[in-house]
Amino acid sequence: MYKTLVTLPRATAIAGSNIAFVKYWGNLDDTLNVPMNGSISMTLDAAHTITTVEFHPDLPADELTINGQPADWAAVKRASAHLDRIRDLARKYWSARIISTNSFPTGAGIASSASGFAALTLAATKVLGLNLSKSELSRIARLGSGSASRSIDGGFVEWQPGGRHEDSHATPLAPANHWDLVDIIAIISTEHKKVGSSMGHSLAHTSPFYQARLGTVQVMLQSVRRAIKEKNFTAFGKLIEEEAISLHVSAMSSRPSVLYWQPGTVALMQALRRWRDDGGPVGYFTMDAGPNVHVIAQRKHAAALQEKILNVQGVQDTLFCGIGSAARIIDSDLHPFGYGDSHVASLGKDTQNRLPTR
Ligand code: PMV
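Residues numbered from 1 in each chain as written. Predicted model: local features only at pLDDT ≥ 70, side-chain atom pairs only at ≥ 80, totals over all residues. Heavy atoms only, no water.

**A closer look at the pairing of strand E9 (residues 156-160)**
- For E9, the buried fraction is high: four of the five residues fall into the buried class.
- As defined by bridge partners, strand E5 (residues 39-56) adjoins E9 across four bridges and the pair is classed as antiparallel. Residue pairing across strands places Ile-40 opposite Glu-158, the latter belonging to E9.
- Bridge count between E9 and strand E10 (residues 169-174): five bridges; the pairing is antiparallel. Each residue of the ladder has a partner; that of Glu-158, found in E10, is Thr-171. (Buried < 20%, exposed > 50% of the residue type's maximum accessible area, 1.4 Å probe, protein only. Helix = DSSP H or I, 4+ residues; strand = E, 2+ residues; numbered from the N terminus. Pairing = 2+ DSSP bridges.)

Structure (structure tokens):
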């Protein structure tokens, strides 16, 4: 009788979600997520995902746990398809156990695909021994979810549309400490949205206003880039509101129409403009493919704004985020649902590599 300890190949990564100021909407290639236009975002610190990927030689299929619960079939399928791309690159074909934890509650209506696919990409490529550059990681993350390409980097990030897979990846625009902005996410609805962003991207082309949006986006990118560089908050705020409205007009006017806003969304958009007009705390809105409102502000106004936002009818809660840093590998023992027991006991031939029951 002998006893050995087998350490399973595993890595854990953390990645922040991001909020886009110039938004990705519509693809040149829907399967590869090559976008029609470039986009600019800010990586968030408090809205992040921690993902552990552990490869098992004897696991029959990939497993995925999100926030301590087994994920639904569609989520497992999507994560597994993403791992296949990475396994193909590494030419290693073991199944994996993926443990993913979001810093925000599941069902809070906050999209986790950007942080989720960025963390999954980093952890899986690391554990399979692929030593990839940031742009390579960004390109692979993009295949899981377009906006995940921007969550590989921290601070302010620009995704170069590229026009084809090889050239479509994000690059840093300014570091996290460049400008002390905050994102107060106002939770308007926690319901699962009926039309996901993938469907939204594929419908974008059916809107008569979509071509007009594409016609203005280059100037928008230049202007937002400049406002960030010069830290011109008023110019920046006006631009991001205009840009969010442009995206939502395209969505609302696509066939079929996609209407993400709820009464609370509009109430908060109106309130922010009223407070600005009345000399109150200054915040500007932007919304992704959902009803929640991201209020972008300078930190000096954050506390006053957050209090006022919570009093707007239809706002259920807020999540306060600063600017996050780049996705990175962390110690697996730091995973909240993690793997303190980082060894599998192997007690001989017939029990070799048996999984511990958890
Ligand atoms: O990455 P996706 O497919 O979830 O698309 C994100 C789309 C928007 O959030 C609306 C805009 C963006 O650039 O993040």
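On we go from here.
**Describing the packing of helix H5 (residues 210-230) against helix H6 (residues 233-252)**
- At a minimum axis separation of 10 Å, H5 and H6 run at an interaxial angle of 160 degrees. With respect to H6, the element H5 is oriented roughly antiparallel. With respect to the hand of their crossing, H5 and H6 are arranged in left-handed fashion. The segment H5 lies against H6, with Tyr-210, Arg-213, Met-220, Ser-223, Val-224, Ala-227 and Ile-228 engaging Phe-236, Leu-239, Glu-242, Glu-243, Ser-246, Leu-247 and Ser-250.
- A breakdown of the residues in the contact of H5 with H6 according to their chemical character gives eight nonpolar, three polar and three charged. (Axes fitted to C-alpha atoms, helices over the stretch in contact; angles between N-to-C directions. Parallel < 35°, antiparallel > 145°, perpendicular 65-115°, else oblique. Left-handed = near helix turned anticlockwise from the far one by under 90°. Contact = heavy atoms within 4.5 Å. Nonpolar A, V, L, I, M, F, W, Y, C, P; charged D, E, K, R; others polar.)

**What to know about the environment of Ile-19**
- Relative to the elements of secondary structure, Ile-19 occurs in strand E2 (residues 10-22).
- Counting along the chain gives 164 residues from Ile-19 to Asp-183, while the straight-line C-alpha distance between them is 8.3 Å.
- In this structure Ile-19 touches Ile-40, Ser-41, Met-42, Leu-44, Asp-183, Thr-286, Asp-288, His-294 and Ile-296, once residues within four positions along its chain are discounted.

**Description of the sheet that holds strand E14 (residues 317-321)**
- Across the sheet, which stays open at both edges, the four strands sit in the order E12-E13-E11-E14 with antiparallel pairing between neighbours. A single partner strand is all that each edge strand has here, and the edge strands are strand E12 (283-286) and E14. Neighbouring strand axes in the sheet, compared pairwise and without regard to direction, differ in orientation by 25 degrees on average.
- Strand direction decides the pairing type here: E12 and strand E13 (residues 293-298), joined by four bridges, are antiparallel. If you follow Phe-285 over to E13, its bridge partner there is Val-295.
- With respect to the sheet, helix H7 (residues 263-277) is in contact with strand E11 (181-187), E12 and E13, its orientation differing from that of E12 by roughly 155 degrees.

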